[in-house]
Amino acid sequence: MRFALRSAHATRAWLSLFDEAGEREAARVDLAREGPDLWSAAIEGAGEGARYGFRADGPDDPDRGFWFDPGKLLIDPCARRIDRPYVYDPRLAARRGEGGDTAPLMPKCVVERPLEPLPLRPPLFRPGGLIYELQVRSFTMRHPDVPQEKRGTVAALAEPAVIAHLQKLGVDAVELMPIAAWMDERHLPPLGLRNAWGYNPVSFMALDPRLAPGGLQELRETVAALHGAGIGVILDVVFNHTAESDAFGPTLSLRGLDAPSYFRHASDGRLVNDTGTGNTLNCEHPFTRALILDTLRLLVRETGVDGFRLDLAPVLGRTAHGFDPHAPLLEAMRADPLIGSRVLIAEPWDIGPGGYQLGRFGRPFLEWNDRFRDDVRRFWRGDGGLLGTLATRLSGSFDVFASERETRSLNFLAAHDGMTLHDVTAYAEKHNEANGEENRDGHGENFSWNNGVEGSSRNARVAAARERDIRALLATLFCSRGAIMLTAGDEWARTQGGNNNAYAQDNERFWLDWEGRDGILEAYAAALSALRRAFPELSASTELGPDTVQWLKENGAPLLPHEWSDGASRRLLMLLGRADAARLAVCVNGDRRASRFALPAREGWRWAAAPGLAADPTRSVPGRSVSFFVELAG
């Protein structure tokens, strides 16, 4: 068995082999230097199941970016499996010679045979489709029809009851929040909290044993089960930083192997922090680029996933001169026959200089569109002068993707990062007190409202108003052009009590409550999804033209130019379809008063309320709501 690592700055490197339990270091072997940066050794008898780690020596000068310490056991960046989860311990961050050997504190890499490559098939995700974002653990921990032993794991997603729910909603692909092995941030254990989201990785290829005890094979089997039901799988991957954090963080893997190569450093030697986590991966460096590309290829080849959502994606395109949509890593992803064939989704912002890059990634990347989120929330909150902006968002946001024939917008109204859809209508301010940071964390501006009562309320009028607003938000999302994303539980009005940064809330209060869900609202979301599938005009990615859309007032007359930005205009009739086919009328009433919409009549056609999506077949649309009417022949 050959073991190898990359380090351009180490002066010496070792392989540490451990006994079967991974508890006792059974052997330490010098790795031979091969060329300027490759170290390796061939070990007889160290086959499948062998447990190991690396060690490296070199300069000990953090101020210059060097963190070498032979006392730190280091995880192989290319490890396919680790034998237990990462657990933070202050000794992992101790300076050289102060913390003792860290082997007892670290999981061990496990040698695992590669899985048989799967045939490459087109992604199981249609253009304009519905992506369903979920966190494996919180999504399944309270599901009554998932066996107890599977709850909280990737395998739970293959259960018939879970698949039935996804099919009911018309989900085209699930997007799994990070499942690569991660470590809690160091400030969480003293607060009695745990990382619930996984955006703090150590190992990119090895899955977290808590979520996937069966490793890559478990993911492969779950992907196959979802594919069998017509549902794709997209993985949320984090290639912008590692859990090694800032100058006071632990040394776990890349930092101890070759920090100057893997991480960005300022001219004075300090770690660059374009991520807000303490470090930023140097995706321009060949080491980092190769690690990321190898990880993506492995996941496609061995598990069959349909795509990837790239967290803080501008980091992947950062060069010495700032963000470049044609940076080496992004170009390599486009050109790679495996990676380039997948659905690729960019979160188009980080916190570094010039970090907001919405609209700049280019094909084939879809992009999270926060302007859709904010503008639609503002419209339904009651902000004035947004009728034209709403139409632009519904049409595919071609003001953002102006130079393109097809929109790359991924429209969403709520995500893991932020308030739930229910909480947008119930909390005017964030309430993150449970995170232990005195409500200082999380976004301050959420464009949310509370219908006169902050938080939960048993008042029937308030509850009805909130359900009305959630329906309006859902309807707007499902009738927007381009791909859309719904976060798990928003279809039944889940709440996080106003917490808009629940990354540290791995507990029953924040796990999805399957038995307490709003079945009526869930049925409404399913009806919206069915309508979207029935009328491709709603989900197409091309720009709406005069032959496919008419923008009218509630009386059926065309909107005048000044009415698009008139703060008093709160009603919009979007009439979709060609003159020779059935049309769809989307009636948006942002006013608090009900209004009767006049739908253009045609000989041989009649209007009917879309099943479950129009409150009144006479075309009277209640205040702050959206109704849908379909044209039928006869």
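Residues numbered from 1 in each chain as written. Predicted model: local features only at pLDDT ≥ 70, side-chain atom pairs only at ≥ 80, totals over all residues. Heavy atoms only, no water.

K.L.:
How would you summarise the side chain of Asn 432 if you had to cite specific residues and measurements?
P.N.:
Assignment of secondary structure puts Asn 432 in the loop between helix H9 (421-424) and helix H10 (460-478). Exposure remark for Asn 432: the relative accessible area of 0% places this residue in the buried category. (Helix = DSSP H or I, 4+ residues; strand = E, 2+ residues; numbered from the N terminus. Buried < 20%, exposed > 50% of the residue type's maximum accessible area, 1.4 Å probe, protein only.)

K.L.:
An account of the packing of aromatic side chains is needed here, citing residue identities and associated values.
P.N.:
Tallied over the entire structure, the rule returns 16 aromatic pairs. When the ring of Trp 349 is compared with that of Tyr 356, the centres are 6.2 Å apart and the planes differ by 15°; the resulting orientation is stacked. An aromatic cluster of three or more residues is present, and its members are Tyr 132, Phe 139, Trp 492 and Trp 514. When the ring centre of Trp 67 is taken as reference, the NZ or CZ atom of Arg 255 above it lies at 4.2 Å. A cation over a ring is seen here: Arg 471 above Tyr 524, with NZ or CZ 4.5 Å from the ring centre. (Phe/Tyr/Trp six-rings, centres within 6.5 Å; stacked < 30°, edge-to-face > 60°. Lys NZ or Arg CZ within 6 Å of the ring centre and 35° of its normal.)

K.L.:
Lay out the sheet that holds strand E21 (residues 571-576) in plain terms, naming residues and giving numbers.
P.N.:
Read from one edge of the open sheet, 5 strands run E20-E21-E22-E26-E24, paired in antiparallel fashion. The strands lining the two open edges of the sheet, one partner per strand, are strand E20 (549-552) and strand E24 (605-609). The sheet shows a mean angle of 20° between the axes of neighbouring strands, direction not considered. Contacting E20, E21 and strand E22 (584-589), helix H8 (residues 387-394) crosses the sheet at an angle of about 30° to E21. (Pairing = 2+ DSSP bridges. Axes fitted to C-alpha atoms, helices over the stretch in contact; angles between N-to-C directions. Contact = heavy atoms within 4.5 Å.)

K.L.:
So what's going on with the sheet that holds strand E2 (residues 12-18)? Which residues, and what values?
P.N.:
Strand order in this open sheet of 4 strands is E3-E2-E6-E9, and the pairing throughout is antiparallel. Each having just a single partner strand, strand E3 (25-30) and strand E9 (109-110) make up the two edges of the open sheet. Note that strand E6 (residues 51-57) and E9 share 2 bridges and pair antiparallel. Bridging across to E9, Arg 51 finds its partner in Val 110.

K.L.:
Report on the pairing of strand E19 (residues 483-487), specifying residues and quantitative values.
P.N.:
Regular strands show a simple pattern: their side chains alternate between the two faces of the sheet. With 5 of its 5 residues buried, E19 lies for the most part within the structure. Taking every second residue as pointing to the same face, both faces of E19 are buried, with Ala 483, Met 485 and Thr 487 on one and Ile 484 and Leu 486 on the other. Bridge analysis of strand E10 (residues 130-134) against E19 gives 4 bridges, and the strand direction is parallel. Of the residues in E19, the one forming a bridge with Glu 133 is Thr 487. The pairing of strand E18 (residues 409-412) with E19 spans 3 bridges and is parallel. What sits directly across from Phe 412, in E19, is Met 485.

K.L.:
A description of empty space enclosed by the protein should follow, citing residues and the corresponding values.
P.N.:
Summed over the entire model, instances satisfying the criterion amount to 4 cavities of 30 Å³ or more. Of the voids in this model, the largest cavity is the one considered here, and its volume is about 220 Å³. Lining the largest cavity are 20 residues, with Gln 135, Ser 138, Trp 197, Arg 494 and Gln 496 sitting closest to its centre. Mapped by element, the contributors of at least two residues to the lining of the largest cavity are E10 and helix H1 (136-140). Here the lining of the largest cavity takes 3 residues from H1, the largest share from any one element. Residues belonging to the lining of the largest cavity are distributed by class as follows: 10 nonpolar, 6 polar and 4 charged. Of the volumes computed, that of the second largest cavity is approximately 130 Å³. Taken together, 13 residues line the second largest cavity, and the ones lying closest to its centre are Ile 179, Ala 180, Phe 204, Asp 236 and Val 237. (1 Å grid on protein atoms, 1.4 Å probe; cavity = no way out; pocket = protein on both sides within 12 Å on 5 of 7 lines; lining within 4 Å. Points joined across faces, edges and corners; volume = space filled by probe spheres on them. Nonpolar A, V, L, I, M, F, W, Y, C, P; charged D, E, K, R; others polar.)

K.L.:
Break down helix H3 (residues 215-228) for me, citing the residues and quoting the values.
P.N.:
A turn of α-helix holds 3.6 residues, and therefore any two residues three or four places apart point the same way. Compared with an ideal rise of 1.5 Å per residue, which puts 14 residues at 20 Å, H3 spans 20 Å between its outermost C-alpha atoms and is within 8% of the ideal. Those residues of H3 that fall on the buried side of the exposure criterion are Gly 215, Leu 216, Glu 218, Leu 219, Arg 220, Thr 222, Val 223 and Leu 226. Looking at the buried residues of H3, the elements they touch are helix H2 (160-168), strand E11 (173-176), strand E12 (232-237) and helix H5 (286-303). (Expected span 1.5 Å × (residues − 1).)

K.L.:
Can you lay out the nonpolar core for me, pointing to particular residues and giving the numbers?
P.N.:
Membership of the largest hydrophobic core comes to 119 residues, with the highest contact counts inside it found for Tyr 132, Val 174, Leu 235, Phe 308, Met 333 and Phe 628. Per-element tally for this core: the top contributor is H5, with 8 residues. Sequence-distant contacts of Tyr 132, defined by excluding residues within four places in its chain, comprise Phe 139, His 165, Leu 166, Leu 169, Val 171, Ala 173, Val 174, Glu 175, Leu 486, Ala 488, Gly 489 and Glu 491. The next biggest cluster of nonpolar side chains, apart from the first, holds 38 residues, and it includes Ala 10, Ala 50, Met 183 and Leu 257. (Core = buried A, V, L, I, M, F, W, Y, C linked by side-chain atoms within 4.5 Å.)

K.L.:
Go over unusual backbone geometry, please, and point to the residues and values.
P.N.:
Along the chain, Arg 363 connects to Pro 364 via a cis peptide bond; the corresponding omega equals 5°. Among the structural elements, Pro 364 can be located in the loop between strand E16 (343-346) and strand E17 (366-369). With phi around 65°, Asn 439 is a residue other than glycine that occupies positive phi space. The residue Asn 439 is located in the loop between H9 and H10 in this model. Phi at Asn 451 takes a positive value of approximately 50°, unusual for a residue other than glycine. Mapping Asn 451 onto the fold places it in the loop between H9 and H10.

K.L.:
Tell me about H8, and please be specific about residues and values.
P.N.:
The buried fraction of H8 amounts to 6 of the 8 residues, a majority that puts the element mostly inside the structure. All buried positions along H8 are accounted for by Leu 387, Gly 388, Leu 390, Ala 391, Arg 393 and Leu 394. Lining the buried residues of H8 we find helix H7 (370-381), H10, E20, E21 and E22. With its phi angle positive at about 115°, Gly 396 sits one or two positions after the end of H8.

K.L.:
Run through the state of the cysteines, naming residues and quoting values.
P.N.:
Tallied over the full model, the rule gives 0 disulfides. Unpaired in this structure, Cys 109 has its nearest cysteine sulfur neighbour in Cys 78, at a distance of 9.9 Å. We classify Cys 109 as buried; its relative accessible area is 0%. For the unlinked cysteine Cys 479, the closest cysteine sulfur is that of Cys 587, found at 11 Å. For Cys 479, a relative accessible area of 3% gives the class buried. (Disulfide = S-S within 2.5 Å.)

K.L.:
Explain the packing of H7 against H10 to me, and be specific about the residues and the numbers.
P.N.:
Two elements in contact, H7 and H10, have axes whose closest approach is 11 Å; the angle formed by their N-to-C orientations is 140°. With respect to their mutual orientation, H7 and H10 come out oblique. Of the two possible hands of crossing, H7 and H10 adopt the one that is right-handed. For the pair H7 and H10, the contacting residues are Phe 372, Val 376 and Trp 380 in the first and Ala 472, Leu 473, Thr 476 and Leu 477 in the second. The residue inventory of the contact of H7 with H10, partitioned by class, reads 6 nonpolar, 1 polar and no charged. (Parallel < 35°, antiparallel > 145°, perpendicular 65-115°, else oblique. Left-handed = near helix turned anticlockwise from the far one by under 90°.)

K.L.:
Lay out the packing of H5 against helix H6 (residues 328-335) with the relevant residues and their values.
P.N.:
The interhelical angle for the contact between H5 and H6, taken along N-to-C directions, is 25°, at an axis separation of 10 Å. As far as their axial angle goes, H6 and H5 are roughly parallel. At the point where H5 passes H6, the crossing takes the right-handed sense. Residues Arg 289, Ile 292, Leu 293 and Leu 296 of H5 touch H6, and the partners they reach there are Pro 328, Leu 329, Ala 332 and Met 333. Tallied by class, residues from the contact of H5 with H6 come to 7 nonpolar, no polar and 1 charged.

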